[in-house]
Amino acid sequence: MANGQHDIPYNVGVMTDVGSPSRIRILLPHIANQIAAGEVIERPASVAKELLENSLDAAATQIDIAVEHGGVHLIRVRDNGAGIHRDDLLLALSRHATSKIALPEDLERVSTLGFRGEALPSIGSVSYLSLVSRTKEDETGWAVNAEGEKAPTASEPRPHPPGTTVEVRDLFFNMPARRRFLRSEKTEFLHLHGLVKRIALSRFDVGISLHHDQRPVLNVRPAKSDEEKDRRLTSLFGAAFLGRARRIDYQAAGLRVWGWLGLPAAARSQTDMQYVYLNGRIIRDKRINHALRQAYDDLLYPGRHPVYVLYLEVDPSCVDVNVHPTKHEVRFRDPRTVHDFLYGRLHQALSECSPPISADGGESLPPWPVARASGAHARWAAHGRWPQNPPGALVQDRPRHHSIASETVVADASASRAAKQAPPPPLGRALAPLHGKYLIAETGLGITLVDIQAAQVRIAFARLTAAYESGPVRSRPLLLPVGIVVAETMVDLAVEFASDLARVGLVVDRVGPDRLMVREIPALLVRANVEALVRDVLAVTADYSRDGNANALPQSLLTTLAAHAHDELSGHLDLAELNALLRDLEQVDAHGEESHEGVVWRELSLEALDALLRRRK
Ligand code: ADP
Ligand code: MG
């Protein structure tokens, strides 16, 4: 070539000429980093993942995360881990620099979460990154910064406790196209929050806190005992989780699986509560998923997905994690054994929860005559399992699933024998949920249709009112107080009406000019969305304080609280729960169908049904 370009030596730093596209050149470091970032850094949650993994690899026992605007403006991760030696700080920001592996053999048995040495330089190439770190031996912390294309600055002293803080600001500030791909701050935060939960489930020994826009979102302390682990699960998944899951622990042939196996009753319409960890690493593996799907195969309706949090432990030399940059995928030396072990054990665990089926089927038969008359039970008896999708068997199918589901239902089954002879209760026996909204029950005369959520609200209102009349409503302290940002006038209002709120079971504190901390809510409202509830309560209180008619305040507060009593998951209630709901409704609602809130349930007699259908003919 005439311009003598070929004379330029293979040196990354000098390849700045872009005028000759046909020649091969080594990429400038920041471009190489941006390409690497393209593989692993997709959104704020992926940044958080890399930073948290680094903290865990540094043996941190406490990690505090603060994000602003869904993580797009800021993600700060602070840990109390080993720290980075001052002389290595700049190295940590260069590509392929890692302290985690050194020799090719090391790659054969990676036990850290990171090892590619790409995360920090990748993140630094698409954001403003600052790294402050102090080892146990250091007197002070040391800081370095990276800003997109600029080479990282030299380190300078900065006060810092032993450990590391990484701050990532303005993600993709220099990549408008990628920035445009980010979704709303709310969505990005949901992803990030989900990621933090997944990490919190992966390491019970580490305390983790998360703040979003200064508000506490999650805070879990290190958990050692089984009870503490259960508590962590409850604080991540809600109070109902443990009641619908079984704890398991199996070991064989160098493999171990332990964790929580959701019972069929806990199944969901999405796959969003399926967590599988391999040696502490979050993974998505087709074979493992397949084994799990099979284990639940005949226990779930089509379209329902099981819930589980499972930990698989294998010898690190039996699995290759260096398959994909995000390290979600792994390759087992012996995938068949892993698959069969999982399927075998989990399937067994699930079927062990099921009451034995007697030869004549009498004992475990569902109590409803309609079920006896159907062919579903015959099919079960013949094949030892329910058909995949028994036509019209919804009604008969449910109780068996749920007798697998929990001890309470086992008790229910023996009670149901008596129930077979007894006349049906006033609102009937639940046959099935309908479209996640209604339940249908069979009465002595016909059927009742019940609006599930309306029923829950009605029951809650009655109970709250009764509780209020016999003293202050019992409250329940929140495991994690909920911070809420509201208008200053609302904060004043909450303070002014604090005793009225306390009387209905709400304890709310002022923690800033525009901030409230919700500490206790009525014990009856197990599943309420706390923030929405408090906002509604404040709105009602504001109305009354404006109208100067605080006499009717308690009544309105109780109505508002009751409105939050419905279970968002009521579509997933099982038969035992639906029957319990009917019995509760009978208790509070002896006086008929209509009420000022509208119709909660209606009965249709057989004659009415006959007439209805005949007219259609
Ligand atoms: P990798 O994790 O693959 O080694 P990273 O780019 O994520 O690569 O990090 C580079 C190096 O920086 C790590 O190998 C580690 O030595 C150091 N490092 C990063 N974050 C931390 C941290 N929070 N605490 C201690 N060392 C860290
Ligand atoms: Mg890393």
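My aim in this report is to walk through the structure given alongside it, one point at a time.

What counts, and at which threshold
Residues numbered from 1 in each chain as written. Chains lettered and ligands numbered in written order. Predicted model: local features only at pLDDT ≥ 70, side-chain atom pairs only at ≥ 80, totals over all residues. Heavy atoms only, no water. Helix = DSSP H or I, 4+ residues; strand = E, 2+ residues; numbered from the N terminus. Buried < 20%, exposed > 50% of the residue type's maximum accessible area, 1.4 Å probe, protein only. Contact = heavy atoms within 4.5 Å. Areas by Shrake-Rupley, 256 points an atom, 1.4 Å probe, with all protein chains shown as cover. Near = heavy atom within 4 Å. Polar contact = N/O pair within 3.5 Å; in protein donor to acceptor, adjacent residues only side chain to side chain. 1 Å grid on protein atoms, 1.4 Å probe; cavity = no way out; pocket = protein on both sides within 12 Å on 5 of 7 lines; lining within 4 Å. Sits in = over half its atoms within 2 Å of the grid points. Axes fitted to C-alpha atoms, helices over the stretch in contact; angles between N-to-C directions. Parallel < 35°, antiparallel > 145°, perpendicular 65-115°, else oblique. Pairing = 2+ DSSP bridges. Points joined across faces, edges and corners; volume = space filled by probe spheres on them. Nonpolar A, V, L, I, M, F, W, Y, C, P; charged D, E, K, R; others polar. Arc of directions from axis to C-beta.

**Describing the overall build of the chain**
Reasoning step 1: Helices and strands together make up the secondary structure of the chain, namely 20 helices and 24 strands.
Reasoning step 2: Burial status across the chain gives 45% buried among its 617 residues.
Reasoning step 3: Of the contacts made within the chain by residues no fewer than 6 positions apart, 66% connect residues no fewer than 24 positions apart.
Reasoning step 4: When the accessible surface of the chain is split by element, carbon and sulfur atoms take 54% of a total near 30500 Å².

**A short note on the environment of Arg510**
Reasoning step 1: Looking at where Arg510 falls in the secondary structure, it is placed in strand E20 (residues 507-512).
Reasoning step 2: Distance from Arg510 to Val491, taken between C-alpha atoms, is 6.5 Å for residues 19 residues apart in sequence.
Reasoning step 3: For Arg510, the residues in contact, after removing those within four places along its chain, are Val491, Asp492, Val495, Arg515 and Leu516.

**A short note on the site of ligand 1**
Reasoning step 1: Close contacts around ligand 1 come from 20 residues, with Asn54, Thr98, Ser99, Lys100 and Gly117 the closest.
Reasoning step 2: Between Ser99 and ligand 1, the recorded distance is 2.5 Å, taken from a side-chain N or O atom to an oxygen atom.
Reasoning step 3: Its free accessible area being 530 Å², ligand 1 has 93% of it covered by the protein chains.
Reasoning step 4: Assessed atom by atom at 2 Å from the grid points, ligand 1 resides in the second largest pocket.
Reasoning step 5: Residue assignment for the shell around ligand 1 shows that the elements contributing at least two residues are helix H2 (44-57) and helix H4 (119-125).

**Focus on the packing of helix H6 (residues 185-202) against helix H7 (residues 226-237)**
Reasoning step 1: It is at 11 Å that the axes of H6 and H7 come closest, and there the two elements cross at 170°. By the criterion of interaxial angle, the relationship of H6 to H7 is roughly antiparallel. Together, Lys197, Ala200 and Leu201 of H6 and Arg232, Leu233, Leu236 and Phe237 of H7 make up the contact between the two elements.

**Thoughts on the sheet that holds strand E7 (residues 207-212)**
Reasoning step 1: With mixed pairing, eight strands are arranged side by side in an open sheet as E5-E4-E3-E6-E2-E1-E7-E8. At either margin of the open sheet sits one strand with a lone partner, and together these are strand E5 (156-158) and strand E8 (215-220). Sheet twist, expressed as the average angle between the axes of neighbouring strands with direction ignored, equals 15°.
Reasoning step 2: When strand E2 (residues 74-79) meets strand E6 (residues 163-169), the two strands line up antiparallel, connected through six bridges. Bridge pairing links Asp79 to Thr164 in E6.
Reasoning step 3: Strand contacts of H2: strand E1 (62-68), E2 and E6, with the helix running at about 10° to E2, the strand carrying the most contacts.

**A short note on the pairing of strand E11 (residues 274-278)**
The two faces of the sheet receive side chains in turn, since in a regular strand these alternate between them.
Reasoning step 1: With four of its five residues buried, E11 lies for the most part within the structure.
Reasoning step 2: Bridge count for E11 against strand E12 (residues 281-282) is two bridges, and the pairing is antiparallel. Note that in E12 the partner of Leu278 across the bridge is Arg281.
Reasoning step 3: Adjacent in sequence and paired antiparallel, E11 and E12 are bridged by two residues, among which Asn279 carries a positive phi angle near 45°.

**Regarding the layout of surface pockets**
Reasoning step 1: The space that makes up the second largest pocket amounts to roughly 720 Å³.
Reasoning step 2: Around the second largest pocket, the lining comprises 35 residues; the ones closest to its centre are Asn54, Ile84, Ser99, Lys100 and Leu120.
Reasoning step 3: At the level of elements, H2, E2, helix H3 (89-92), H4 and E6 are the ones that each hand at least two residues to the lining of the second largest pocket.
Reasoning step 4: The biggest single contributor to the lining of the second largest pocket is H2, with six residues.
Reasoning step 5: Class assignment of the residues belonging to the lining of the second largest pocket gives a composition of 16 nonpolar, 10 polar and nine charged.

**Quick word on helix H15 (residues 488-496)**
Reasoning step 1: All of the buried residues in H15 are Val491, Leu493 and Ala494. On an axial view of H15, the arc spanned by its buried residues comes to 160°, and they lie on one face. Along H15, the residues that are exposed and aim more than 90 degrees away from the buried face are Thr489 and Glu496.

**Things to note about the sheet that holds strand E10 (residues 255-262)**
Reasoning step 1: A sheet is described by the order of its strands in space; here five strands give the open sequence E9-E10-E13-E11-E12, paired in mixed fashion. Only two strands of the sheet have a single neighbouring strand rather than two, namely strand E9 (245-252) and E12.
Reasoning step 2: Pairing between E9 and E10: eight bridges, direction antiparallel. Among the inter-strand pairings, Asp249 is bridged to a residue of E10, identified as Trp258.
Reasoning step 3: The sheet strands contacting H6 are E11, E12 and strand E13 (308-313), and the helix crosses E11 at an angle near 50°.
Reasoning step 4: The sheet contacts of helix H8 (residues 286-296) involve E10, E11 and E13, and relative to E13 the element is tilted by about 130°.

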